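Structural overview
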Amino acid sequence: MTTTSTTPVPGRRDDGPIGAYVTALGHALRGPRAARRDVTAELADGLHDAADAYVEAGMPEREAQVRAVRECGPVADVAAEYAPELAAVQGRRTAAVCALSMPATVLAWGLTWRAELPSTPAPHRQWRLGVLSDLTDWAGIAGGAAGCVLAALLVVSARRVVPVRLVLALLVILCGGAVLVSTACSVVMNVANAELIEWMLAGSSAAVALSLATGVISAWQLASLCRSANLAFRRG
C-alpha cells in the first residue's frame with residue numbers, strides 16, 4: 001500500500017509527534033489514495049489546531065502535540081473509524097466504472113456490428129454460438145444495472161444505515177460475476193469463430209479499435225473490483 005502523505009502547512013513542522021502520528025495513520029488506512037490523503041490532511045490540521053490551542057495556554061509545543069495525539073486515540077482505532085468512509089468511496093468508484101462502462105461496451109459493439117461488419121459474408125461459414133452473444137449482452141446490461149443500484153446503496157451506507165462491507169461484497173459478487181460471464185462468453189465465441197473473427201476484423205478498423213478498447217476496459221473493471229474485494233473481504 002502506498003504511503004499517504006499530507007500537504008505541508010506553512011509554519012508547521014511535520015517531524016514532531018503529530019507528523020509521526022499522521023504518517024502511521026496513513027500506513028494503517030486502506031482505500032483510494034486521494035481519499036486517504038484528504039483524511040490525513042484533515043486530521044493533521046485538526047491536531048495542529050488542538051496543539052496550537054495548548055501552546056497559547058502556555059504549554060511547550062512538543063508537549064502540546066503529544067497531548068493532542070493522545071486525545072485523538074490509538075492509530076488502529078482511528079483507522080477503524082475511517083474504514084467505512086474510505087471503503088464507500090472505493091465502492092462508489094467501482095460501481096461507477098461498472099455502471100458506465102458495461103452497458104456502453106454492449107452498445108458500442110452492437111452499433112459496430114451493424115455499421116462496420118463487412119457486407120459480403122465469408123463463403124461457406126456461419127456464425128456459431130449466437131446464444132453466447134446474447135448472454136454477453138445481458139451480462140453487460142445486468143452488470144451496469146447492478147452498478148447503478150449499488151452506487152446508490154453505497155451513498156446510504158456511508159451514513160452507516162447499511163453496512164458498507166456488505167454492499168461492497170454484493171458489488172464484487174454481482175458486477176464481478178457479470179464481468180467474468182461476459183469475458184468468458186467472448187473468449188469462447190472468439191475461439192469458436194476464429195476464422196470469421198479474423199475476416200471481420202480485416203474489414204473493420206472500428207472493430208479492431210473497439211476490441212483493444214474492450215480489453216483495456218475489462219482490465220480496468222477487474223482492477224477496480226479487486227480493490228473493492230480487498231476492502232470487502234479482508235479480515236479486521
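Below: a short report on this structure. (Residues numbered from 1 in each chain as written. Predicted model: local features only at pLDDT ≥ 70, side-chain atom pairs only at ≥ 80, totals over all residues. Heavy atoms only, no water.)

**A closer look at the nonpolar core**
Ranked by size, the top nonpolar core spans 21 residues in total, and within it L29, L43, L47 and Y82 carry the most contacts. Sorting the residues of this core by element identifies α1 (17-28), α2 (33-56), α3 (61-72) and α4 (75-116) as the ones contributing at least two each. Examining the composition of this core, we find that seven residues originate from one element, α2, more than from any other. Apart from the residues lying within four places of it in its own chain, the contact partners of L43 are Y21, L25, C72, V78 and Y82. (Core = buried A, V, L, I, M, F, W, Y, C linked by side-chain atoms within 4.5 Å. Buried < 20%, exposed > 50% of the residue type's maximum accessible area, 1.4 Å probe, protein only. Helix = DSSP H or I, 4+ residues; strand = E, 2+ residues; numbered from the N terminus. Contact = heavy atoms within 4.5 Å.)

**A few points about the packing of α2 against α3**
Describing two packed helices takes the angle between their axes plus the distance from one axis to the other. Packing of α2 against α3 leaves a shortest axis separation of 8 Å and a crossing angle of 130°. Here α2 is positioned oblique relative to α3, judged by the angle of their axes. In the packing of α2 onto α3, the handedness of the crossing is right-handed. Counting all contacts with α2, which are made through L43, L47, H48, A50, A51, Y54 and V55, the residues of α3 involved are E61, A64, Q65, R67, A68, V69, E71 and C72. Here the residues of the contact of α2 with α3 are counted per class, giving 10 nonpolar, two polar and three charged. (Axes fitted to C-alpha atoms, helices over the stretch in contact; angles between N-to-C directions. Parallel < 35°, antiparallel > 145°, perpendicular 65-115°, else oblique. Left-handed = near helix turned anticlockwise from the far one by under 90°. Nonpolar A, V, L, I, M, F, W, Y, C, P; charged D, E, K, R; others polar.)

**Side note on the pattern of salt bridges**
Considering all chains together, one arrives at one salt bridge under this definition. The residue R67 makes a salt bridge to E71 at a minimum N-O spacing of 3.3 Å. Taken together, the positions of R67 and E71, both in helix α3 and four residues apart, correspond to about one turn of that helix. Residue classification places R67 among the partly exposed residues on the basis of a relative accessible area of 32%. (Salt bridge = Lys/Arg side-chain N within 4 Å of Asp/Glu carboxyl O.)

**Quick notes on the layout of surface pockets**
In this structure, the largest pocket spans a volume of roughly 950 Å³. If you go around the largest pocket, you meet 34 residues; those closest to its centre are W109, W113, T136, S186 and M189. Within the residue set of the lining of the largest pocket, elements represented by two or more residues are α4, α5 (130-157), α6 (164-192), α7 (194-202) and α8 (205-233). Taken together, the residues that form the lining of the largest pocket break down as 15 nonpolar, 16 polar and three charged. Its volume calculated, the second largest pocket comes out at about 230 Å³. Residue lining of the second largest pocket: 15 residues in total, with G31, P32, R33, Q90 and R227 positioned closest to the centre. Of all the elements in the fold, those that place two or more residues in the lining of the second largest pocket are α2, α4 and α8. Top element by residues in the lining of the second largest pocket is α8. It accounts for five residues. Here the residues of the lining of the second largest pocket are counted per class, giving five nonpolar, five polar and five charged. (1 Å grid on protein atoms, 1.4 Å probe; cavity = no way out; pocket = protein on both sides within 12 Å on 5 of 7 lines; lining within 4 Å. Points joined across faces, edges and corners; volume = space filled by probe spheres on them.)

**Remarks on the environment of W138**
Summarising the element assignment, W138 is placed in helix α5. You can call W138 exposed: its relative accessible area is 60%. Considered as a pair, W138 and P103 are 35 residues apart in the sequence and their alpha carbons are 9.1 Å apart.

**What to know about a nonpolar patch on the surface**
On the surface, a cluster of nonpolar side chains totalling about 480 Å² of accessible area is made up of L166, L170, I173, L174 and F233. In terms of residues, the nonpolar patch owes the most to one element, α6, which gives four residues. With respect to the secondary-structure elements, F233 resides in helix α8. (Patch = residues over 30% accessible without salt bridge, like charges linked within 9 Å, V, L, I, M, F, W, Y side chains within 5 Å. Areas by Shrake-Rupley, 256 points an atom, 1.4 Å probe, with all protein chains shown as cover.)

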